[in-house]
Amino acid sequence: MSEEVLTLRGVVKEFDGKTILDGIDLTIRQGEVAVIIGPSGCGKSTLLRCINALEPIREGEILLQGEPIRAGAKNLPSLRQKIGMVFQSYDLYPHMTVMENITLSPRKVQKRDRREVEREAAELLARVGLSDKAESYPRQLSGGQKQRVAIVRMLIMQPEILLFDEVTAALDPEMVREVLDVMLELAHQGRTMLIVTHEMAFAQAIAHRIIFMDDGRIVEEGTPGQFFTKPQTKRAQEFLDRFRFDT
Ligand SMILES: Nc1ncnc2c1ncn2[C@@H]1O[C@H](COP(=O)(O)OP(=O)(O)O)[C@@H](O)[C@H]1O
Ligand SMILES: [Mg+2]
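A short tour of the structure in this document, coming up.

Scoring rules and cut-offs
Residues numbered from 1 in each chain as written. Chains lettered and ligands numbered in written order. Predicted model: local features only at pLDDT ≥ 70, side-chain atom pairs only at ≥ 80, totals over all residues. Heavy atoms only, no water. Helix = DSSP H or I, 4+ residues; strand = E, 2+ residues; numbered from the N terminus. Rg over C-alpha atoms; globule rule 2.2 N^0.38 Å. Buried < 20%, exposed > 50% of the residue type's maximum accessible area, 1.4 Å probe, protein only. Contact = heavy atoms within 4.5 Å. Areas by Shrake-Rupley, 256 points an atom, 1.4 Å probe, with all protein chains shown as cover. Pairing = 2+ DSSP bridges. Axes fitted to C-alpha atoms, helices over the stretch in contact; angles between N-to-C directions.

1. Quick look at the overall build of the chain
Then comes step 1: When its secondary structure is counted, the chain shows nine helices and ten strands.
Then comes step 2: Since a compact globule built from 247 residues should have a radius of gyration of about 18 Å, the 18 Å found for the chain is in line with a globular shape.
Then comes step 3: If you line up the chain on its principal axes, its C-alpha atoms span 55 × 45 × 40 Å.
Then comes step 4: When the 247 residues of the chain are sorted by exposure, 51% land in the buried category.
Then comes step 5: Considering only residue pairs separated by 6 or more positions, the chain has 65% of its internal contacts joining residues 24 or more positions apart.
Then comes step 6: Roughly 12,000 Å² of accessible area belongs to the chain as shown, and the carbon and sulfur atoms make up 46% of that amount.

Here it is as C-alpha cells:
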C-alpha cells in the first residue's frame, strides 16, 4: 500500500462547548481521491479547517506524512505549505493581476525565483484553459475562471495533498463543469485529494472512496459503487434519497 499522506486519529473539535467533530479517524494515502459528503452543518468544513490547523482541535491528532499538525506549532508554516486548500469563495486580491495573484506566495513565502515561478504559472494557466487571462484582474473574470485561478494559485505551491471545500457551490450552473473538469484532470494525474462536494455524479466519477459524515462523525465509508448503490446505514440512505428527489 502507498504511503499515508494524512492521518487523523480520534479528532474532537468543539465550538462553545458543543461537539462538532466527535472522534474522526481517517487515513488518506498517496494518490487517493476521497470525497466527503454529508448534510449541511455536519462538520465537513470544520474538518478541513482542522486539517489545515485553521482551527485548533480539542483531542486527537492530525499527521501530515507522519508529522503532527498543531495550531501554534513552530513547524506549522512549513507543514501548511504542503496542504493546498480551495474554498467556495476564491478571495483573489482585487488589485493584482491573475499572474501576480498566483506568483505572490511562491515568491514571498517560498522565496522562489520570479522567472521560474512565472513560467510555471503560465504552464498551469494553460492547463486550466486560462492562458489569455494572465494579465487580467479578478473583476474581469467569471466565477468559474476565478475558481480555476484559485486552483492554480494552490497548485503552484506544490502541495502534497489538495483539499477542496464545495468549490463549485457558489458558481452559476454553466460554470460548474469547467471547474470540476480541472479537478478530474488533477485526479487523473494521481494527486492526493480530499474533496467536499454536493455534486453527487461528480463524486461518483472522481472518488476512490466516499466518506459519509453526519453529526460530526464518519458514519459510513465505501467505494462509490458500494455507497451509491447500496448504502449500509439508514442515515446514508435517507441522505441519498433526498438528493435523488432534489435533482
Ligand atoms: N466558528 C464557529 N463558531 C461556532 N460554531 C461553528 C463555527 N464554525 C462552524 N460552526 C458550527 O459547526 C457545525 C459544523 O459546521 P460546518 O463544518 O461548517 O458544516 P458543513 O461544512 O458540513 O456544512 C455547525 O453547527 C456550525 O454552526
Ligand atoms: Mg461547509
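Next comes the rest of the write-up.
2. Focus: the pairing of strand β4 (residues 59–64)
The side chains of a regular strand alternate, first on one face of the sheet and then on the other.
Then comes step 1: In the sheet, strand β1 (residues 4–15) pairs with β4 via five bridges, with the strands oriented antiparallel. Within β4, the position partnered with Leu6 by the bridge is Leu64.
Then comes step 2: As paired strands, β4 and strand β5 (residues 67–68) are joined by two bridges and run antiparallel to one another. If you follow Leu64 over to β5, its bridge partner there is Glu67.
Then comes step 3: In sequence, β4 turns back onto β5 through a hairpin of two residues, with Gln65 there showing a positive phi of about 45°.

3. A look at the sheet that holds β1
Then comes step 1: With antiparallel pairing, the four strands of this open sheet are ordered in space as β2-β1-β4-β5. Lying at the two open borders of the sheet, with one neighbouring strand each, are β2 (18–29) and β5.
Then comes step 2: Note: β1 against β2, nine bridges, orientation antiparallel. Bridging from a neighbouring strand, Glu4 pairs with Arg29 of β2.
Then comes step 3: Packing against the sheet, helix α1 (residues 44–51) makes contact with β1, β2 and β4, and its axis sits at approximately 120° to β1.

4. Structural notes on the environment of Ile57
Then comes step 1: Along the chain, the position of Ile57 falls in the loop between α1 and β4.
Then comes step 2: Its relative accessible area of 21% is what places Ile57 among the partly exposed residues.
Then comes step 3: Placed 149 residues apart in sequence, Ile57 and Ile206 show a C-alpha to C-alpha distance of 29 Å.
Then comes step 4: With sequence-adjacent residues up to four places away left out, Ile57 is seen in contact with Val11, Val12, Cys50 and Ile62.

So far we have only geometry, and geometry alone does not tell us how the molecule works.
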